[in-house]
Amino acid sequence: MFRALDGGGAKQSIDVDGRRVQVRAGIPLAIALLEAGVIPFRKTPVSGEPRAPVCLMGVCFECRVAVDGRSGVQACMIEVADGMSVRISSGDALAGDDADV
Amino acid sequence: MAGNSEYDTIVIGGGMVGMSIAYGLVRGGERVLVLDQGDDAFRAARGNFGLVWVQGKGIAYPAYARWSMAGAKAWPSFAANLHQQTGIDVQLSQIGGLDIYLDADQLAARAEKLRTLADGVGEPYPFKVLDPAGVRELCPEIGPDVVGAIFTPMDGHVSPLRLLRALVQAFTQFGGELRSGADAGAIAFRDGVFTVTAGDERYTSGKLVLAAGLGNRALAPLVGLSAPVVPNRGQILVTERLRPFLAYPTGHVRQTGDGGVQIGDSKEDVGFDDGTSHEQLSRMARQAARMFPVLAGANIIRTWGALRIMTPDGFPIYQASTDCPGAFVVTCHSGVTLAARHAGVIADWIRGGPPPDELGAFSAERFHV
């Protein structure tokens, strides 16, 4: 769905729900997930509707995922890091224990 | 009523109080103009917490307790009418509310005050003091530091933003006119006609309602009234949307119908500064996380400050002018709880009906003895 205009450069490897994904180094996690075709990012805890990033600048809170065991992280606001573990099924900050299953 | 006026009534102030009254007036068939300031105004209506709250109101002033109780009772049909008129669900829930305590002495002192209030109010005033197990039955997510709570079935909450939008929409649908960015300055009264000047525009009416919040202080004397109101700042934090875990509103924390959790209980005398302070925000966040440990991991997405409109004793003012018949002043700091009263019995009174019971208790004369 999304393709980098400049696809070159260094790659890093992150784990998305148990799947190893090669991503461009140094980009925001939300962009990396979009390039990897991850949709949706989360389901709303109120209605269960699927959601994906809207603003990509820290305002809409629709890109929240669990990162390295911490839930409710805005994927647009952090950079990918090699070996990062991402759980897209649990963007609910109150989900607690299952965030890093 | 002056037949040569453009409007039956001009309402100055398009916040919760002004729009509630204006909606009640147009529903009764009046031609109404609301003059509202710009987005740089203080706007308590856009900063408030959304409680439809009874418990604890009117300690040492039973008339205010009864007025608040009547306000809460009038809410269900008010919300239903707004929904029918506009299609907007204001997310009213009146399953009761909790005042949660982390300190046993404070809980005991508050319970004693409520007992006194209940004895003096002159009608049933149901409330219960709950131990932690009792609180947990209603709110399973409370933390181990909670020592108890006071519950009354009279309390509830609503979305204040949806409410304001519904009021504006309903008012407009009934033919009301709303002018935004209109800063009412001069008011003249002659031969039964009020002339209000806002910027380059002049508007005339047979009646005038001052519902300008903190602005009423300067406007009221122009028509022989008095509104000695001062600002009192409250700060609010709101979290990201969370799965519903708290059905009951509390005095400190409430989860909105959209999932966000509002946290706010500060009261500060800081003049016209509607900013926020790290000191208050962090205190309230810490306290909320002690009450509900699940909140400790939640992201805060916005914080803001807003100014309550307080009279010297904290109770409302409803008064008709004798110098300028047809002019009214209305001010309170519970524009949500009392919205149904303002759209109902207060609008009826302004249209020429008899003053509702209790109204005599809310004259500004009480500040001039």
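Residues numbered from 1 in each chain as written. Chains lettered and ligands numbered in written order. Predicted model: local features only at pLDDT ≥ 70, side-chain atom pairs only at ≥ 80, totals over all residues.

Enquirer: Before we go on, may I ask you to explain the sheet that holds strand β4 (residues 97-101) of chain B in this structure?
Expert: Residues and elements named next belong to chain B. As summarised here, the arrangement of the 3 strands in space is β4-β6-β5, forming an open sheet in which the pairing is antiparallel. At either margin of the open sheet sits one strand with a lone partner, and together these are β4 and β5 (128-130). Strand-to-strand twist in this sheet, taken as the mean axis angle between neighbours without regard to direction, amounts to 20°. Bridge count between β4 and strand β6 (residues 148-152): 5 bridges; the pairing is antiparallel. (Pairing = 2+ DSSP bridges. Helix = DSSP H or I, 4+ residues; strand = E, 2+ residues; numbered from the N terminus. Axes fitted to C-alpha atoms, helices over the stretch in contact; angles between N-to-C directions.)

Enquirer: What should I look at first to understand the interface of chain B and chain A in this one?
Expert: Accessible area lost upon the coming together of the parts is a frequently used measure of interface size. With 13 residues of chain B at the interface, the matching set in chain A holds 10 residues. Of the residues belonging to the side of chain B that touches chain A, the class tally is 6 nonpolar, 3 polar and 4 charged. (Contact = placed C-beta atoms within 7 Å. Nonpolar A, V, L, I, M, F, W, Y, C, P; charged D, E, K, R; others polar.)

Enquirer: Please clarify how helix α6 (residues 160-173) of chain B should be interpreted in this entry.
Expert: It helps to recall that an α-helix has 3.6 residues per turn; residues three or four apart then point in one direction. Residues and elements named next belong to chain B. With 14 residues, α6 should cover 20 Å at 1.5 Å per step; its first-to-last C-alpha distance of 20 Å lies within 8% of that length. The complete set of buried residues in α6 reads Pro 160, Arg 162, Leu 163, Leu 164, Ala 166, Leu 167, Val 168, Ala 170 and Phe 171. Positive backbone phi, at 95°, marks Gly 175, one or two positions downstream of α6. (Expected span 1.5 Å × (residues − 1). Buried ≥ 20, exposed ≤ 12 C-beta atoms within 10 Å, placed from the backbone.)

Enquirer: Could you clarify how one ought to interpret the sheet that holds strand β7 (residues 85-87) of chain A in this entry?
Expert: By definition, the strands of a sheet pair up through backbone hydrogen bonds, in either a parallel or an antiparallel sense. Residue and element names in this part refer to chain A. Strand order across the open sheet formed by 5 strands is β2-β1-β7-β5-β6, with mixed pairing between neighbours. If you trace the sheet from one side to the other, it starts and ends with β2 (19-24) and β6 (70-74), each paired once. The sheet shows a mean angle of 40° between the axes of neighbouring strands, taken without regard to direction. Sheet analysis places strand β1 (residues 11-16) next to β7, joined by 2 bridges and oriented parallel. Note on β7: the bridge partner recorded for Asp 15 is Ser 85.

Enquirer: How do you make sense of the confidence of the model for chain B when you look at a structure like this?
Expert: Do not read the predicted coordinates in detail wherever pLDDT is low. The predicted model of chain B has a mean per-residue pLDDT of 95, with 99% of residues at 70 or higher. Reported confidences for the modelled complex are a pTM of 0.91 and an ipTM of 0.73. (pLDDT = per-residue confidence, 0-100.)

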